[in-house]
Amino acid sequence: TKCESGCVCAEGLYENLDGRCVPAEECPCEYGGLAYGKGEQIQTECEICTCTKGKWKCVQKSRCSSTCNLYGEGHITTFDGQRFVFDGNCEYILATDGCGVNRPVSSFKIVTENVICGKSGVTCSRSISVYLGNLTFILRDETFTISGENPGVRYNVKKNALHLMFDIIIPGKYNMTLIWNKHMNFFIKISRETQETICGLCGNYNGNMKDDFETRSKYVASNELEFVNSWKENPLCGDVYFVVDPCSKNPYRKAWAEKTCSIINSEVFSACHNKVNRMPYYEACVRDSCGCDIGGDCECMCDAIAVYAMACLDKGICIDWRTPEFCPVYCEYYN
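Source: prediction; values computed, not measured. (Residues numbered from 1 in each chain as written. Predicted model: local features only at pLDDT ≥ 70, side-chain atom pairs only at ≥ 80, totals over all residues. Heavy atoms only, no water.)

A. Main features of the pairing of strand E17 (residues 164-170). By the criterion of burial, E17 is predominantly enclosed, with five of the seven residues buried. Here strand E16 (residues 154-159) pairs with E17 via six bridges, running antiparallel. Across the sheet, Arg154 pairs through a bridge with Ile169, a residue of E17. Joining the antiparallel neighbours E16 and E17 is a turn of four residues. (Buried < 20%, exposed > 50% of the residue type's maximum accessible area, 1.4 Å probe, protein only. Helix = DSSP H or I, 4+ residues; strand = E, 2+ residues; numbered from the N terminus. Pairing = 2+ DSSP bridges.)

Printed below as a string of structure tokens:
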């Protein structure tokens, strides 16, 4: 309706995010507030998307995997994405198969044992047992032991400064990667070649978040505590009746917890904010930092932040957040 001074691109050219005029095939694509150039790819666990003429073209991966996270003082994100918190000084089944009505023999079972790590009664996952028939992995005290054998299972163990990683293949059934940070964070990544049902605290892995609180008795629990209690490995353990809020028990720690965990909300992680919702991770960090009051204070806080950094990495965003003063990772001895 009125003339405005300025520039326009010539016929057949389009303005890109840098203000330059480019042909259509050079147009960038946008995802989460970031620009990606022609031919650049982003990946999710199920898709590979390529930038083509300003639009994403996505291809389904032949194998689709999903990850269950157990971190800090009993925070779990199931295979289908449901989140909950539990406290319980007991052994619990995280994931197993053979959950059908006729209860076939399970080919794997992963059990977590919780240990009290705060005066308020909060627990930290410290010990993990993986049962594969007669083959057993025990992850405890920052190391692991392997006993027995199972010729039907292939496995490989890798180590780095931060993690122990176990690649496990049960031919014709599952490819699993287990990642443990030698403290409280444990990740189970599974891709399956079978429709065998999975169950446990990591949920039933059927793509539906709403029925993840399925108990051992095959009904959906009305609340998460009923669900958690149903997956106790030892029925003689006491039931959990309430979830402790460590910040209300340790109000003097709350300000410190909020201040240190605020790095998740800061500029340091800004590239990730519109790709991974940061609030659940921030709240988990504050809760854990309040609760770890018998040593390991900073370890709990750093582990909680590391889980958000790992979620960002899964979306292709690598955040360099550790410093010599903040959650440092020390070089190996004399290295």
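B. Representation of the pattern of salt bridges within the structure. Scanning all chains against the criterion turns up six salt bridges. When the shortest N-O distance is used, the salt bridge between Lys38 and Glu26 registers 3.8 Å. Taken together, the positions of Lys38 in the loop between strand E4 (34-36) and strand E5 (41-43) and Glu26 in the loop between strand E2 (21-23) and strand E3 (29-31) put the pair twelve residues apart, joining distant regions of the chain. Take Lys38: its relative accessible area is 51%, and that puts it in the exposed class. On the basis of relative accessible area, Glu26 is assigned to the partly exposed category, the value being 38%. The salt bridge involving Asp239 is made with Lys232; its shortest N-O contact spans 2.5 Å. (Salt bridge = Lys/Arg side-chain N within 4 Å of Asp/Glu carboxyl O.)

C. A look at the state of the cysteines. Following the criterion strictly, the structure yields ten disulfides and no others. The disulfide that involves Cys9 links it to Cys21, with 2.2 Å between the sulfurs. Measuring handedness by torsion sign, the sulfur bridge of Cys9 and Cys21 sits at about -85° and is left-handed. Of this pair, Cys9 sits in the segment before strand E1 (13-15) while Cys21 sits in strand E2, and the two are twelve residues apart along the sequence. Look at Cys21 and you get partly exposed, because its relative accessible area is 37%. The disulfide partner of Cys99 is Cys199, and the gap between their sulfur atoms is 2.0 Å. Taking the sign of the S-S torsion, about -85° here, the bridge from Cys99 to Cys199 comes out left-handed. (Disulfide = S-S within 2.5 Å.)

D. Region of the structure containing empty space enclosed by the protein. This structure, assessed with the given rule, holds two cavities of 30 Å³ or more. Taken together, Tyr31, Ile42, Gln43, Thr44 and Lys315 form the lining of the second largest cavity. Of the residues that constitute the lining of the second largest cavity, the class distribution is two nonpolar, two polar and one charged. (1 Å grid on protein atoms, 1.4 Å probe; cavity = no way out; pocket = protein on both sides within 12 Å on 5 of 7 lines; lining within 4 Å. Points joined across faces, edges and corners; volume = space filled by probe spheres on them. Nonpolar A, V, L, I, M, F, W, Y, C, P; charged D, E, K, R; others polar.)

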